[in-house]
Amino acid sequence: TSRIIIDADTGIDDALAILYALRAPNVHIEGITTVFGNTNVQQAADNTLRLLALANPGYEIPVAIGASKALVREPGTFAAHVHGENGIGEVQLAPSAQQVISEPAPEFIVRLANENPGEIILVTLGRLTNLALALQIDPALTGKLKNVVCMGGTIFEPGNISPVAEANIWGDPEAADQVFTSGIPITMVGLDVTLKTRITEEHLSYLKRFGREENQPLIAFMEESLLFYFNFYRSVNFYLGSAPLHDPLALMVALQPDLVTTRRMKVRVEHQSPLTQGMVVADLRPQPAVGTEIEVAVDVDPERAIGAFLSVFM
Ligand code: BDR
Ligand code: CA
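If you're wondering where the values come from, they're calculated on a predicted model, not measured in any experiment.

Give me the UniProt feature "domain: Inosine/uridine-preferring nucleoside hydrolase" (unreviewed entry) in the chain: which residues, what numbers.
Following the UniProt record, the feature "domain: Inosine/uridine-preferring nucleoside hydrolase" (unreviewed entry) maps to residues 4–304 here. Note that residues 4–304 is 37% helix and 20% strand, and that its end C-alpha atoms are spaced 22 Å apart.

Which residues make up the site of ligand 1, and what values go with them?
Around ligand 1 there are 15 residues in total, and G11, D13, A167, H246 and D247 lie nearest to it. Breaking the shell around ligand 1 down by element, the ones donating at least two residues are α1 (12–23), α6 (167–170) and α11 (246–255). Class assignment for the residues of the shell around ligand 1 results in five nonpolar, six polar and four charged.

Kindly report on the sheet that holds strand β2 (residues 27–34), identifying the contributing residues and their values.
In space, the nine strands of this open sheet follow the order β3-β2-β1-β4-β5-β6-β11-β9-β10, with mixed pairing throughout. Pairing within the sheet leaves two strands with one partner each, and these edge strands are β3 (63–65) and β10 (280–283). Ignoring which end each strand starts from, the neighbouring axes of this sheet average 30° apart. Looking at chain direction, strand β9 (residues 260–269) and strand β11 (residues 292–300) are connected through eight bridges and run antiparallel. Across the sheet, the residue bridging to M265 is I294, located in β11. The strands touched by helix α2 (residues 41–55) are β1 (2–8), β2 and β3; relative to β3, the strand with the most contacts, the crossing angle is about 175°.

Got a sec to walk through α1? Specific residues and values, please.
For α1, spanning twelve residues, the distance from its first C-alpha to its last is 17 Å, which sits close to the expected 16 Å at 1.5 Å a residue. Most of α1 sits out of view: eleven of its twelve residues are buried. I12, D13, D14, A15, L16, A17, I18, L19, Y20, A21 and L22 are the residues of α1 that are buried.

Give me the lowdown on unusual backbone geometry, citing residues and values where you can.
If you check the backbone angles, N26 has positive phi at about 60° while not being a glycine. One can find N26 in the loop between α1 and β2.

So, the nonpolar core: which residues are in play, and what are the values?
In this structure, V189 and A250 are the most contacted members of the largest nonpolar core, which totals 101 residues. A total of nine residues in this core trace back to one element, the largest contributor, which is α1. Residues in contact with V189, not counting those within four places in the same chain, are V149, C150, M151, T194, L249, A250, V253, V260 and A297.

Tell me about the pairing of strand β4 (residues 120–124), and please be specific about residues and values.
Counting buried residues along β4, five of its five residues qualify, which places the element largely inside the surrounding structure. Along β4, one buried face is formed by I120, L122 and T124 and the opposite face, lined by I121 and V123, is buried too. Direction of pairing for β1 relative to β4: parallel, over a ladder of five bridges. Within β4, the position partnered with I6 by the bridge is V123. Looking at chain direction, β4 and strand β5 (residues 147–151) are connected through four bridges and run parallel. Its bridge partner being in β5, I121 is matched across the sheet by N147.

Kindly report on the pairing of β11, identifying the contributing residues and their values.
Put simply, side chains in a regular strand alternate between the two faces of the sheet. Note that strand β6 (residues 186–189) and β11 share two bridges and pair parallel. Its bridge partner lying in β11, T187 is registered against E295.

Scoring rules and cut-offs
Residues numbered from 1 in each chain as written. Chains lettered and ligands numbered in written order. Predicted model: local features only at pLDDT ≥ 70, side-chain atom pairs only at ≥ 80, totals over all residues. UniProt positions renumbered as here; feature names shortened; annotations may be inferred. Helix = DSSP H or I, 4+ residues; strand = E, 2+ residues; numbered from the N terminus. Near = placed C-beta within 6 Å. Nonpolar A, V, L, I, M, F, W, Y, C, P; charged D, E, K, R; others polar. Pairing = 2+ DSSP bridges. Axes fitted to C-alpha atoms, helices over the stretch in contact; angles between N-to-C directions. Contact = placed C-beta atoms within 7 Å. Expected span 1.5 Å × (residues − 1). Buried ≥ 20, exposed ≤ 12 C-beta atoms within 10 Å, placed from the backbone. Core = buried A, V, L, I, M, F, W, Y, C linked by C-beta atoms within 7 Å.

Take a look at the structure:
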C-alpha cells in the first residue's frame, strides 16, 4: 500500500487527481493539504471536503489548510478563467459535514513525515509554498519523506502561464527554488509529459457507459467540470474536445512510476527576472554545475496513462 499526502489547490484537474487517488487500489491517503492557486486556499479546502463527501472514501481523511499566498510575493489573482470562480468549473457539490483540522498544512506534513519516516509520498499539485514552509520548520524533512512527486515546471515544452513558466512554479518561484535545491528526493512531472496526456470527450462517454454504478456521481462531476475545462482549452487552441490531465498524471506517477521515463537533471528556478519568473533552468551540459539534481519526467506513454486513469472508475 502506498501512503500519500496530497497537497492541492483544488481546481478541476486537482479534483480529478483526488478522485483517482480515492478509487485507486492499494492507496492510503494520509491527508490532503491545500494551498492557494487555482482558487483561494479556503475555497480549495472546501472543494476538497465536498469531493471527499461525494466519493465517500470509507475512512477519515484529514484536510488541512495551508498557505494563502506565496512566500515573499503579494497575493495575485486566481485562475477563474481556467477553473471557474469556485475552482471546480462552477459545479455545485453538496456541502460536507467534515471540518478542516486546526493544524496548518506545513505542520501537518512535518508531523506525519516524522511519525512515519521514509514511508510517505507527498504529491504536490499546486504551488510549492506548503512544502517550502515545512522545510523551514524542519530542514531534516529532506530525509523523511519517501519521495515528493510534483506537478509543475517544464523543460522542453513551452510554458502555460508565460513563454517559459508553468503556473505552479511561476506562482511561487521562491518556494519552488527552495524545494528543488533542498536535496529532498523529487520527481518533477511537468508540461513535458502532462500536455501529452489528454482526456477527451470520447473518454468521458466511455466512462459514462462502462463506469461502475457507484462511481456515476463522480463521473457526472467529471463531466460537468471537464466541460468547463474543455471550453477553456478550446479558447487557447488546445486539441479540440480535450484537456491535459496535469495533476492526475502526477498522482499516477506517484503510484506507478513506470508510466513515465525520467532523466536526472540539475535544476534551479528563476525568481529574479519578471520575464522568466518561474522558469525551471536545467543544466543539461555534459558537466552540469548549476543547481541540484532532481528526477524529471521527460516522456510518457499517454495511452497507458489514460488507461490507468479510466480503469479505476470501471
Ligand atoms: C497546473 O496549474 C494548475 O492550474 C493546475 O491545477 C495544475 O496543477 C498546471 O499548470
Ligand atoms: Ca493544481
